[in-house]
2 protein chains.
Amino acid sequence: MTAEPTPTRREELLRIAARLFAEKGFRNTTVRDIADAAGILSGSLYHHFDSKESMVDEILSTFQEELFGQYDEILASDDDPRARLERAVLVSFDAIDRHHDEVAIFQNDAAYLLTFDRFAYLGERNRQSREVWMTLLRSGVDAGVLRDDLDLELTYRFIRDTVWVAVSWYRPGGRRTHTEIAQQYLSILLEGIERG
Amino acid sequence: MTAEPTPTRREELLRIAARLFAEKGFRNTTVRDIADAAGILSGSLYHHFDSKESMVDEILSTFQEELFGQYDEILASDDDPRARLERAVLVSFDAIDRHHDEVAIFQNDAAYLLTFDRFAYLGERNRQSREVWMTLLRSGVDAGVLRDDLDLELTYRFIRDTVWVAVSWYRPGGRRTHTEIAQQYLSILLEGIERG
DNA sequence: GTCTATAGTATGATAGAC
DNA sequence: GTCTATCATACTATAGAC
């Protein structure tokens, strides 16, 4: 991890794999697909990685570490509840922008990967994510900024779903920046679509 | 289609297949899985169906026909814009409740299936769905019921995403009915989560 | 309507040469 | 670091007996 013999090649292969996993799904991507895209033969991949699972493992765990570091920063900050909620939404859309493939893989294949012991940490991350959002929502309600008649569990799910599923249609470099999308979403979430 | 020799057995097999496709994904479900669950051998399935694709085809097309019939009813009604939007959301959550497997399959596997010519109608249904929601939103804005500063395209995507992705966590018979969930969601969508 | 048996193909992974 | 060659397994689908 810290002193890889040939970090560049390894990372390049991971990037290629991530792209394919995101596009076609983990199970639907063969090691031959990855090797083809990299311009080598499938057997050669095993010089770099133990297995296909090792690849997706490294892709996801690296990404999650960064993302949850950002959530932790928000929770540790002394911003007011509304600002913290906004930052959390912005950070998430930023992840969709900068780590599109990783988010897509997590969205599409986490349920399957979770059936293996080595990916149990993905379930732990899910719980951690729930804690982040629930904490933000609760402090918003406590501070009187958010409605107190909401089912917070449902509210959390709606926020989580809407934010992350955007990876299925958002494309970096498209008509709207991820920041514009995040702000439009926050406007709907906070104020609703009804007039008045 | 209209005068099947043994409609009951066929439908039973489709129900079993739908359950498995929804649980594990279309590609990740083998014909042996389906046959095992039905208590027969894999070869016997081909007495009833041409292929695995034929099965998912019949499952999805039947479901879509019903769902879009309901949307058409809403569009044809003379309810006011707000009521029509509410009905569309309720009908969608109702589909998640009554056709859980079908919605899950469509959510998870439509992108893959769309790569085959025979599933082109799924893309057509996607366009149709967009038309339904955009029509509802536009008439809401025109009637002065909805905010006129919204990016309707984004608003449509947020609504669609949040509604349908609920199939990933909603379980019939759970703590909240699908109607309660739909109403809570409508409340957030229309009024926002901010106090005031 | 289901079984036996199997064809033909694709997959993840390995061993050893270069 | 990549290639050649291949193993063992799993898959969809078919043919014909019962």
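Per-chain numbering applies: the sequence of each chain, read as written, is numbered from 1 onward. As a convention, the first chain written is A and the first ligand written is 1, with the rest following in written order. Under the rules for a predicted model, residues below a pLDDT of 70 receive no local features and side-chain atom pairs below 80 are neither given nor counted, while totals for whole chains, interfaces and linings still include all residues. Side-chain descriptors were evaluated using all non-hydrogen atoms of the structure, hydrogens and water having been removed beforehand.

> When you look at the overall build of chain A in this model, what are you seeing that I'm missing?
In this description a helix means any DSSP run of H or I spanning at least four residues, a strand means any run of E spanning at least two, and both kinds are numbered starting from the N terminus. When helices and strands are tallied, chain A shows nine helices and zero strands. For chain A, the N- to C-terminal ordering of α and β elements is α-α-α-α-α-α-α-α-α. In terms of overall dimensions, chain A has C-alpha extents of about 60 × 35 × 30 Å along its principal axes. Working definition: with a 1.4 Å probe on protein chains only, accessible area under 20% of the residue-type maximum means buried, over 50% means exposed, and in between means partly exposed. Within chain A, the fraction of its 196 residues that count as buried is 52%. In chain A, the share of contacts with a sequence separation of at least 24, taken over all contacts with a separation of at least 6, comes to 67%. Accessible surface for chain A amounts to roughly 9500 Å². Of this, 47% is attributable to carbon and sulfur atoms. Note on contacts: a residue pair qualifies if any of its non-hydrogen atoms lie within 4.5 Å across the two residues. For the accessible areas, the method is Shrake-Rupley and the probe is 1.4 Å, while residue cover comes only from the protein chains on display.

> Quick question: what am I supposed to make of the UniProt feature "DNA-binding region" (unreviewed entry) in chain A here?
As recorded in UniProt, the sites labelled "DNA-binding region" (unreviewed entry) are residues 30–49 of chain A. Secondary structure content for residues 30–49 of chain A is 60% helix and 0% strand, and the end C-alpha separation is 14 Å. UniProt positions are given in the numbering used here, feature names are shortened, and annotations may be inferred rather than shown by experiment.

> Where do I start with the UniProt feature "domain: HTH tetR-type" (unreviewed entry) in chain A in this structure?
Look at the UniProt record and you will see "domain: HTH tetR-type" (unreviewed entry) annotated at residues 7–67 of chain A. Note that residues 7–67 of chain A is 75% helix and 0% strand, and that its end C-alpha atoms are spaced 22 Å apart.

> Would you mind showing me how to read the environment of A:V132 here?
By the element assignment, A:V132 lies in helix α7 (residues 120–142). Contact partners of A:V132, with chain neighbours within four places excluded, come to A:Y71 and A:L75.

> Just to check I follow, could you spell out the packing of helix α5 (residues 81–98) of chain A against helix α9 (residues 178–191) of chain A for this structure?
Angle between the axes and distance between the axes: these two values describe a pair of packed helices. Residue and element names in this part refer to chain A. Between N-to-C directions, angles span 0 to 180 degrees; the directions come from axes that are lines fitted to C-alpha atoms, helices contributing only their stretch in contact. Axis separation between α5 and α9 bottoms out at 9 Å; the angle between their running directions is 140°. Classified by the angle their axes make, α5 and α9 are oblique. Once α5 is placed against α9, the crossing between them reads as right-handed. Where α5 approaches α9, its residues R82, L85, E86, V89, L90, F93, D94 and D97 are matched on the opposing element by H178, T179, I181, A182, Y185, L186 and L190. We call Asp, Glu, Lys and Arg charged. Ala, Val, Leu, Ile, Met, Phe, Trp, Tyr, Cys and Pro are nonpolar, and the rest, Gly among them, are polar. Here the residues of the contact of α5 with α9 are counted per class, giving nine nonpolar, two polar and four charged. Should an angle fall under 35 degrees it is taken as roughly parallel, and over 145 as roughly antiparallel, whereas 65 to 115 is taken as roughly perpendicular and any remaining angle as oblique. It is the rotation of the near helix from the far one that decides the hand of a crossing: anticlockwise by less than a right angle makes it left-handed, clockwise makes it right-handed.

> For this particular structure, what's the right way to read the interface of chain A and chain B?
When the parts of a complex come together, some accessible area is lost, and that lost area is often used as the size of the interface. Opposite the 39 residues of chain A that make contact, chain B presents 39 residues. A quick way to say it: buried area is the sum, across both parts, of accessible area lost when two parts are put together, with a 1.4 Å probe. Summed over both partners, the interface of chain A with chain B comes to about 3900 Å²; 57% of that surface belongs to carbon and sulfur atoms. Looking at the side of chain A facing chain B, the largest losses of area belong to A:R147, A:F158 and A:I193, adding up to 20% of the total buried there. What makes a salt bridge here is a side-chain nitrogen of Lys or Arg within 4 Å of a carboxyl oxygen of Asp or Glu, nothing more. The interface formed by chain A and chain B includes six salt bridges. Two residues, A:D151 and B:R176, come together in a salt bridge whose shortest N-O distance is 2.6 Å.

> Looking at this model, I keep getting lost on helix α1 (residues 7–24) of chain A. Mind explaining?
Since the α-helix turns once every 3.6 residues, residues separated by three or four places project in the same direction. Residue and element names in this part refer to chain A. Each helix should span, by expectation, one fewer than its residue count multiplied by 1.5 Å. In this model, α1 (18 residues) spans 26 Å end to end at C-alpha, consistent with the 26 Å of a helix rising 1.5 Å per residue. Listed in full, the buried residues belonging to α1 are R10, L13, L14, I16, A17, A18, L20, F21 and A22. Considering only its buried residues, α1 is in contact with α2 (31–38), α3 (42–45), α4 (52–76) and α6 (100–113). Within two residues after α1, G25 carries a phi angle of roughly 90°, on the positive side.

> Help me understand the packing of helix α8 (residues 152–165) of chain A against helix α9 (residues 178–191) of chain B, please; the structure alone is not making it clear to me.
As a packed pair, α8(A) and α9(B) sit with axes 11 Å apart at the nearest point and diverge in direction by 70°. Considering their axes alone, α8(A) and α9(B) lie roughly perpendicular with respect to each other. The hand of the α8(A)/α9(B) crossing is right-handed. Along the contact surface, α8(A) presents A:L154, A:T155 and A:F158, while α9(B) presents B:I181, B:Q184, B:Y185 and B:I188. Here the residues of the contact of α8(A) with α9(B) sort into five nonpolar, two polar and no charged.

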